[in-house]
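# Residue-level structure breakdown
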Amino acid sequence: MIEIRNLTKTFSISAEDGAPASFDALKNVSLTVGDGDIFGIIGMSGAGKSTLVRCINMLERPTEGQVLIDGVDIGTLTPARLRAVRREITMIFQGFNLLMQRTCLANVTFPLELSGMKRSEARKKARELLEIVGLPDKAKSYPAQLSGGQQQRVAIARALATNPKVLLCDEATSALDPNTTHAILELIRKINRELGITVIIITHQMSVVEEVCSHVAILDAGQVVEMGEVSSVFSNPQSDAARRLVYPDANGSGSGENERSAGIAAAARAGERVLRVVFNGSHTTDKPFITQMAIDTGIAANILYASTRCLGECVFGDMLLGIPDTPQALDTVRSYFAKDGDIIIEEIGEVDDRA
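Residues numbered from 1 in each chain as written. Predicted model: local features only at pLDDT ≥ 70, side-chain atom pairs only at ≥ 80, totals over all residues. Heavy atoms only, no water.

### Points about a positive patch on the surface
Among the surface-exposed residues, Arg119, Arg123, Arg127 and Lys140 lie close enough to one another that they form a single positively charged patch. By the secondary structure assignment, Arg123 is in helix H4 (residues 119–132). Taking relative accessible area as the criterion, Arg123 reaches 31% and is therefore assigned partly exposed. (Patch = residues over 30% accessible without salt bridge, like charges linked within 9 Å, V, L, I, M, F, W, Y side chains within 5 Å. Areas by Shrake-Rupley, 256 points an atom, 1.4 Å probe, with all protein chains shown as cover. Salt bridge = Lys/Arg side-chain N within 4 Å of Asp/Glu carboxyl O. Lys, Arg positive; Asp, Glu negative; His and termini not counted. Charge placed at Lys NZ, Arg CZ, Asp CG, Glu CD. Helix = DSSP H or I, 4+ residues; strand = E, 2+ residues; numbered from the N terminus. Buried < 20%, exposed > 50% of the residue type's maximum accessible area, 1.4 Å probe, protein only.)

### A look at the environment of Ser335
With respect to the element layout, Ser335 can be found in helix H12 (residues 327–338). Using a relative accessible area of 45% as the deciding quantity, one classes Ser335 as partly exposed. The sequence separation of Ser335 and Ile345 amounts to ten residues, and the corresponding C-alpha distance is 9.9 Å.

### With respect to the pattern of salt bridges
Side chains that differ in charge, positive against negative, can pair when their charged atoms come close. Overall, the coordinates contain nine salt bridges when judged by the stated rule. Arg5 is the salt-bridge partner of Glu3, the closest N and O atoms lying 3.2 Å from each other. For Arg5, a relative accessible area of 35% gives the class partly exposed. Where Arg273 meets Asp325, a salt bridge forms, and the shortest distance between an N and an O atom there is 3.0 Å. Here Arg273, found in strand E11 (residues 272–283), pairs with Asp325, found in the loop between strand E13 (314–324) and H12; they are 52 residues apart in sequence, far enough to count as distant. Within the structure, one salt-bridge network assembled from shared partners comprises Lys9, Arg54 and Glu60.

### What about the packing of aromatic side chains?
Tallied over the full model, the rule gives one aromatic pair. Ring centres of Tyr336 and Phe337 lie 5.6 Å apart, and the angle between their planes is 85°; on these two criteria the pair is classed as edge-to-face. In this pair, the class of Tyr336 matches that of Phe337, namely buried. A cation over an aromatic ring shows up here: Lys9 above the ring of Phe11, its NZ or CZ 5.1 Å from the ring centre. (Phe/Tyr/Trp six-rings, centres within 6.5 Å; stacked < 30°, edge-to-face > 60°. Lys NZ or Arg CZ within 6 Å of the ring centre and 35° of its normal.)

### Some details on the nonpolar core
The biggest cluster of nonpolar side chains holds 50 residues, and the ones touching the most others in it are Ile92, Leu130, Ile156, Cys169, Ile201 and Phe234. Top contributing element to this core by residue count: helix H5 (residues 148–160), with six residues. Ile92 has contacts with Gln152, Ala155, Ile156, Ala159, Leu167, Leu168, Cys169, Asp170 and Ala172, leaving out every residue within four places of it along the chain. Counting residues in each nonpolar core, the second largest holds 29 residues, with Leu7, Val53, Ile74 and Met91 among its members. (Core = buried A, V, L, I, M, F, W, Y, C linked by side-chain atoms within 4.5 Å. Contact = heavy atoms within 4.5 Å.)

### Regarding helix H6 (residues 178–195)
Between the first and last C-alpha of H6 there are 25 Å, a value that for 18 residues agrees with the 26 Å anticipated at 1.5 Å per step. Here H6 has its buried residues at Thr181, Ile184, Leu185, Leu187, Ile188, Ile191 and Asn192. Within H6, the buried residues cover an arc of 155° as seen down the axis, which keeps them to one side. Opposite the buried face of H6, at more than 90 degrees from it, the exposed residues are Asn179, Arg193 and Glu194. On its buried side, H6 packs onto strand E3 (38–42), H4, H5, strand E7 (166–170), strand E8 (198–203) and helix H7 (206–212). Here H6 starts with a cap whose side-chain oxygen sits 3.0 Å from the backbone nitrogen of Asn179, and that cap is Asp177. Immediately downstream of H6, the backbone of Gly196 shows phi near 70°, a positive value. (Expected span 1.5 Å × (residues − 1). Arc of directions from axis to C-beta. Polar contact = N/O pair within 3.5 Å; in protein donor to acceptor, adjacent residues only side chain to side chain.)

### What to know about the sheet that holds strand E9 (residues 215–220)
Spatial ordering of the open sheet is given by E6-E7-E8-E3-E9-E10, a layout of six strands whose pairing is mixed. On the outer flanks of this sheet lie strand E6 (89–93) and strand E10 (223–229), each paired with one strand and no other. Here the average twist between neighbouring strands, direction ignored, is 15°. Relative to E9, E3 runs parallel, the two being bridged by four bridges. In the sheet register, Phe39 faces E9, and the bridge partner there is His215. Packed on one face of the sheet, helix H1 (residues 49–56) meets E3, E6, E7, E8 and E9 and runs near 155° to E8. In the packing of H5 onto the sheet, the strands contacted are E6 and E7, and the crossing angle to E6 comes to about 170°. (Pairing = 2+ DSSP bridges. Axes fitted to C-alpha atoms, helices over the stretch in contact; angles between N-to-C directions.)

### Some remarks on the confidence of the model for the protein
Of all residues in the protein, 87% attain a pLDDT of 70 or more, and the chain-wide mean is 84. Note that residues 250–262 has pLDDT below 50 and, in this model, eleven contacts with residues that lie over four places away or in other chains. Residue range residues 351–355 is modelled with pLDDT below 50. Its contacts to residues more than four positions away, or to other chains, number 15 contacts. (pLDDT = per-residue confidence, 0-100.)

### Some remarks on the sheet that holds strand E4 (residues 64–69)
Taken together, the four strands give an open sheet; going across it, the order is E2-E1-E4-E5, and neighbouring strands pair in antiparallel fashion. On the outer flanks of this sheet lie strand E2 (20–33) and strand E5 (72–73), each paired with one strand and no other. Looking at chain direction, strand E1 (residues 2–14) and E4 are connected through five bridges and run antiparallel. Among the inter-strand pairings, Ile4 is bridged to a residue of E4, identified as Val67.

### Description of the packing of helix H11 (residues 289–297) against H12
Axis separation between H11 and H12 bottoms out at 11 Å; the angle between their running directions is 120°. By the angle between their directions, the pair H11 and H12 is classed as oblique. Considering how the two elements wind past one another, H11 and H12 form a crossing that is right-handed. Taking contact as the criterion, the partners of Ile290, Gln292, Met293, Asp296 and Thr297 in H11 are, on H12, Thr332, Val333, Tyr336 and Phe337. Here the residues of the contact of H11 with H12 are counted per class, giving five nonpolar, three polar and one charged. (Parallel < 35°, antiparallel > 145°, perpendicular 65-115°, else oblique. Left-handed = near helix turned anticlockwise from the far one by under 90°. Nonpolar A, V, L, I, M, F, W, Y, C, P; charged D, E, K, R; others polar.)

See the structure below:
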């Protein structure tokens, strides 16, 4: 278990007039990551994410607070003991950080050689790790001969070489295209599941957290402003920072709601009844919800607005629908969605006839 208690990191800077000044990159941060968890830490640029991950393995020394690994305050360890702990807390980065003059096999064997393992044993283990990350045929290739996704796989293999308990991923997929990002996240999920390694993912990408993380902490201006299960935080964000991430179109203020209302008025057809459908963990199906409703009820709905996302096998978010303004259509749609206890229907109103 990783426990971060009241962590603060202050950097000394120079003010515009040259006078000494300071900047708090982290302010009283506390969070707990359970063994075997995939924990996301998300925030916009400058939120303090990378500083936090570097404090976890003491590459940055906190100004105040503690980092406890399995109950041990690693900030109090001797240099020799801290080096041993760092072998159990490995990192992968956005830039891969591979040694370009070494083959893939040699990159993976590098930390093993540093630990004193025999060359033959190191090469054997490195080949096994390249097999795990799906690159058994790239042992003799050099990083420049690989794609970005392949380079990140080699970096992951190298990170696994010391049998770590924790894998820190600092924007590890930010330089990759969506398909490659998905493949790398699937690999991280596999490693977490099969090797039991705890994973902490630092990212600014909502899609990364949604796809692979079970818990999330939202960092804003160096502070944790919201934390919990991904499904809970993303389905009902409480802080302004969380709402900006979950609903970027709303810009974290009431202006987004006004703009959306104006858009409804423009998009809805004359005589339509507008309903808001809230998905709060509904299970996904092979067919989209509204398509299935049209098939089952014979009522074709006009989708005016939709902001939904899938977390695992569940759907969260909301949707605005225009349906025929008749009592029968309204009752039918209400009854249809009432079968799912995780769907809420709210009536917005009727759109007047327009010339």
